[in-house]
Amino acid sequence: MINSLLERKIEKRPEKVRLQGRILFLTEDPELIKRQLAGEDLPWDTKNAANNPKLRDDISTDEITPAHYCFYFDETLGEIPYLGLKCGTVTPIGRGEVKRGGFVCAVSGKRRGKGSSREQSPYAEMCAGIKVVIAENIERIYKQNCQNLGVLTSTDFSLIDRIRGGEEIDLSEFTAGEDEITRQVIEYGGLFPFNVARMQGKVFLPPVMTGKRPMTLAEKIFALHMKNERAEIGVTAVKPGDTGFAQADLRFSHEYVTPMAAIFFERYVGKDAKVNDAPSIVFFRDHLTFLDEVISEEKKKLGLLDLATQLKLKQQDFAARQGIKLHGELKDRKGSEGICHSIVLETYALPGQLNIGSDSHTPHVGAIGCVAFGIGTTDVFNSWITKDVRVKVPESVRVVIHGKRRANTTAKDFILKILSLDYVRSGKALAKVMEYAGEAIEELSVDERATMTNMAAEIGGFTGIVAPDKKAVDFLMERRGMDRKKAEAMIEGLYSDPEAQYAHVIELDAAEITPMVATPGDPGNGKYVRELNTPVPVEIAYGGTCTAGKNEDMDMYATVLADALKQGKRVADSVKFYIQFGSQETREYCLRKGYIEIFQKAGAQVIEPSCGACINAGPGVSTRPDQIVISAQNRNFPGRSGPGQMYLASPLTVAASAVAGYIVEYEPSEQKQLVGA
């Protein structure tokens, strides 16, 4: 493999680019988008933004490439971009319209590309002819995926006039402000050609020269994994902005991403080439095991169910040929061994490690003091060659939650509160490490800490992390069977130095946080349940996914439903309540504790592990726009889990609402009846 890459001819892209084509402004007004698709070029005042129509903010990758269309893993994706884009209640862009429109540039507002790490989104844009993306700010994984593919990105709106004028633009305008490695990735037209040039010794890798300094926990772990100028693992220290390549302890991907990465690998490296260190790579079949139960007849006719089967088969074949461990479907019943994040936390991740995965919720395992972050398809397949990943050491935000939480408040309520803060909603936390600390965090179990680190993805953070302590040691002993002394030795030194520097510190009082919901449209739309002005009736309640399918989440569902049964209550007749395990280990836990009997007696439907409804691929999805769902999952972007109106909440609130029939706080029966809006 190495020899063939060493002999490959690799050249930089030209120093000047001319972007010939039209500009698509993704506005809030659907009629303006339709007029552009019909051939009209919108006037745009680059000198006075107030004269322009309002651009859409918060465009998620779910809107760029809705989940079902990610079953394509070839250039067919060029027909798909923006099919899920919502302007009010309208989805103005149809299949193939962007490609037919001759657009070379797409422009939007704040936080472009938030959400899922799916590289299908920029790949779809690229295949449709989009060569440059302009936005006020751009989410880290989406931006890195663009760079890896060769799609240019910018926050400079003055480029609009120059693109329209057919001017040549210096490539340096797209590399300005980028670190040395990112600059070269852009100059070589993508990560793979850059990595080939790297193997050939054609690129400059700046050495990490930072001297000993106080470091955050994440910085310490980066320092342990960064390669020095001799390609050895580990450097003295790092600081924010240091760039290089970090050796990964674990690399994983699932059936949404593995097939495209495998095709890239076979196309660019060779069908007979072998991955680097197969034992440290893991694959998962966890996203689409229940798809056939909810996919529409229309989508079946488009062949999307067959395409989903091809994803599974391609991953299976590649795993078998490469000798890679695949956590797949169950043999005796429908479902999977478990969701990737659940299994990685239960089985693989260790304190002090650096893990990378093909999913934005990879930070889940930060709960035991592991730096873990999501990457896109190109990063995945490149890591199969190099075993490392490109890193620019991020700044850290310290989130300190003081005091003692209320009995009916959970980690999910904490994270929904954090997501509602102006600092986060304005995008200031983008690409930063979210380090959680304080008495209220220390009191949380590892399962509950995982909810906090998991949803660093919704913040747009680089990762989330909690310093490992006695709770982490107990977790490793109880769940892994690890010797106490070994576990205690593993966490030594894994804490932030007292003098470590942070970009920002957020301080909250746990006692002031009551149960929360995020209202439909965005996880950042947080408000207290008691602030809902009128009762909100629900038709579907969903408890599951990586965020809320863990052992302690099951404790919460069982607590509420057992309490309801004692009062002679069950799940309301008007509600369908689904509880889905995150892994087989959690299912076995529920069997041991007698929870499954409680769930079924109370009227909840129990489902084997899978990502399921969270990605519109399993029971619990909505089917009508007016349908109201309350879910313990992590995201409620438009269309992500069906056309309905989704509220996010904690497992306690979801279960209590399923019993009440409308959104309520949970109050144990010995204290009070259920408390509503």
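Details of the structure are given in the entry above.
So, how was this worked out
Residues numbered from 1 in each chain as written. Predicted model: local features only at pLDDT ≥ 70, side-chain atom pairs only at ≥ 80, totals over all residues. Heavy atoms only, no water. Helix = DSSP H or I, 4+ residues; strand = E, 2+ residues; numbered from the N terminus. Buried < 20%, exposed > 50% of the residue type's maximum accessible area, 1.4 Å probe, protein only. Contact = heavy atoms within 4.5 Å. Areas by Shrake-Rupley, 256 points an atom, 1.4 Å probe, with all protein chains shown as cover. Lys, Arg positive; Asp, Glu negative; His and termini not counted. Charge placed at Lys NZ, Arg CZ, Asp CG, Glu CD. Core = buried A, V, L, I, M, F, W, Y, C linked by side-chain atoms within 4.5 Å. Salt bridge = Lys/Arg side-chain N within 4 Å of Asp/Glu carboxyl O. 1 Å grid on protein atoms, 1.4 Å probe; cavity = no way out; pocket = protein on both sides within 12 Å on 5 of 7 lines; lining within 4 Å. Points joined across faces, edges and corners; volume = space filled by probe spheres on them. Nonpolar A, V, L, I, M, F, W, Y, C, P; charged D, E, K, R; others polar. Phe/Tyr/Trp six-rings, centres within 6.5 Å; stacked < 30°, edge-to-face > 60°. Lys NZ or Arg CZ within 6 Å of the ring centre and 35° of its normal. Pairing = 2+ DSSP bridges. Axes fitted to C-alpha atoms, helices over the stretch in contact; angles between N-to-C directions. Polar contact = N/O pair within 3.5 Å; in protein donor to acceptor, adjacent residues only side chain to side chain.

Draft legend 1. Geometry of the overall build of the protein. Looking only at helices and strands, the protein features 28 helices and 24 strands. Seen through its C-alpha atoms, the protein measures out along the principal axes to roughly 75 × 60 × 50 Å. Expressed as a percentage of the 677 residues in the protein, the buried residues total 64%. Expressed as a percentage of contacts within the protein between residues at least 6 apart in sequence, the contacts between residues at least 24 apart total 74%. In the form shown here, the protein has an accessible surface area of approximately 24300 Å², with 48% of it arising from carbon and sulfur atoms. Separation of charge centres in the protein, based on 85 positive and 91 negative side chains, amounts to 2 Å.

Draft legend 2. How the structure looks around the nonpolar core. Ranked by size, the top nonpolar core spans 82 residues in total, and within it Phe222, Phe373 and Trp384 carry the most contacts. Looking at this core element by element, the count peaks at six residues for helix α14 (residues 304–322). If we skip the residues at most four places from it in the chain, Phe222 touches Val238, Leu354, Val371, Phe373, Val391, Val393, Pro394 and Phe462. In this structure, Val529, Ala548, Ala602 and Val664 belong to the second largest nonpolar core, which totals 41 residues.

Draft legend 3. Highlighting the pattern of salt bridges. Under the criterion given, the structure shown has 60 salt bridges. Between Lys114 and Asp58 there is a salt bridge, and its shortest N-O distance comes to 3.2 Å. With Lys114 in the loop between β3 (103–107) and α5 (120–127) and Asp58 in the loop between α2 (30–37) and α3 (61–64), the pair connects residues that are 56 residues apart, well separated along the chain. For Glu266, the salt bridge is made with Lys314, and the minimal N-O distance between the two is 2.9 Å. Separated by 48 residues along the polypeptide, Glu266 in helix α12 (residues 258–268) and Lys314 in helix α14 bring together distant segments of the chain.

Draft legend 4. Quick peek at the environment of Phe462. Take Phe462: it is sitting in the loop between α21 (456–459) and β16 (463–466). Sequence separation between Phe462 and Asp388 is 74 residues; the distance between their C-alpha atoms is 17 Å. Setting aside chain neighbours within four positions, we find Phe462 in contact with Arg140, Phe222, Pro363, Ala372, Phe373, Pro394, Ala431, Lys432 and Val433.

Draft legend 5. Up close: unusual backbone geometry. Phi at Ala431 is positive, roughly 65°, even though this residue is not glycine. Using a relative accessible area of 28% as the deciding quantity, one classes Ala431 as partly exposed. Despite not being glycine, Thr545 shows a phi value in the positive range, around 75°. Note that Thr545 resides in helix α24 (residues 545–548). On the basis of relative accessible area, Thr545 is assigned to the buried category, the value being 2%.

Draft legend 6. Fine view of the layout of surface pockets. Of the volumes computed, that of the largest pocket is approximately 820 Å³. Those elements that place two or more of their residues in the lining of the largest pocket are α6 (140–149), β5 (152–154), α8 (172–175) and β13 (388–392). With four residues, α6 is the single largest residue contributor to the lining of the largest pocket. Split by residue class, the lining of the largest pocket holds 10 nonpolar, 10 polar and 10 charged. Put simply, the second largest pocket is a space of about 670 Å³. His68, Lys299, Asn616, Gly639 and Pro643 are, among the 25 residues lining the second largest pocket, the residues nearest its centre. Secondary structure elements with two or more residues in the lining of the second largest pocket: α3 and α13 (297–301). Split by residue class, the lining of the second largest pocket holds nine nonpolar, 10 polar and six charged.

Draft legend 7. Looking closely at the packing of aromatic side chains. Under the definition given, this model contains 20 aromatic pairs. Between Phe318 and Trp384 the ring centres are 5.1 Å apart and the planes differ by 25°, which places this aromatic pair in the stacked class. You can see Phe318 sitting in helix α14 and its partner Trp384 sitting in helix α16 (residues 377–386), a full 66 residues away along the chain. No difference in accessibility class separates Phe318 from Trp384, as the two residues are buried. Pairwise contacts between aromatic rings join Tyr123, Phe192, Phe264, Tyr268 and Phe381 into one cluster. In this arrangement the basic side chain of Arg140 is found over the ring face of Phe462, its NZ or CZ atom lying 4.3 Å from the centre.

Draft legend 8. The arrangement of empty space enclosed by the protein in detail. A complete count under the given rule lists six cavities of 30 Å³ or more for this structure. The volume enclosed by the largest cavity comes to roughly 230 Å³. Every residue lining the largest cavity is counted, 22 residues in all, and those nearest its centre are Ser116, His287, Asp359, Ile615 and Arg640. Its residues assigned to classes, the lining of the largest cavity comprises eight nonpolar, 10 polar and four charged. The calculated volume of the second largest cavity comes to roughly 130 Å³. Lining of the second largest cavity is provided by 16 residues; of these, Gly115, Glu139, Ile141, Ala457 and Gly461 occupy positions nearest its centre.

Draft legend 9. Focus on the sheet that holds strand β4 (residues 132–134). Taking strand neighbours across the sheet as the criterion, the four strands line up as β2-β3-β4-β5 in an open arrangement whose pairing is parallel. Taken across any chain shown, the strands that pair with only one partner, and hence form the sheet edges, are β2 (22–25) and β5. This sheet shows a mean twist of 20° between the axes of neighbouring strands, independent of strand direction.

Draft legend 10. Up close: the environment of Arg56. Locating Arg56 in the fold gives a position in the loop between α2 and α3. Sequence-wise, Arg56 and Cys105 are 49 residues apart; in three dimensions their C-alpha atoms are separated by 15 Å. In this structure Arg56 touches Leu26, Thr27, Glu28, Glu63, Leu85, Lys86, Ser108, Gly109 and Lys110, once residues within four positions along its chain are discounted. Within the structure, the side chain of Arg56 is placed 2.9 Å from the side chain of Glu63, a separation counted as a polar contact.

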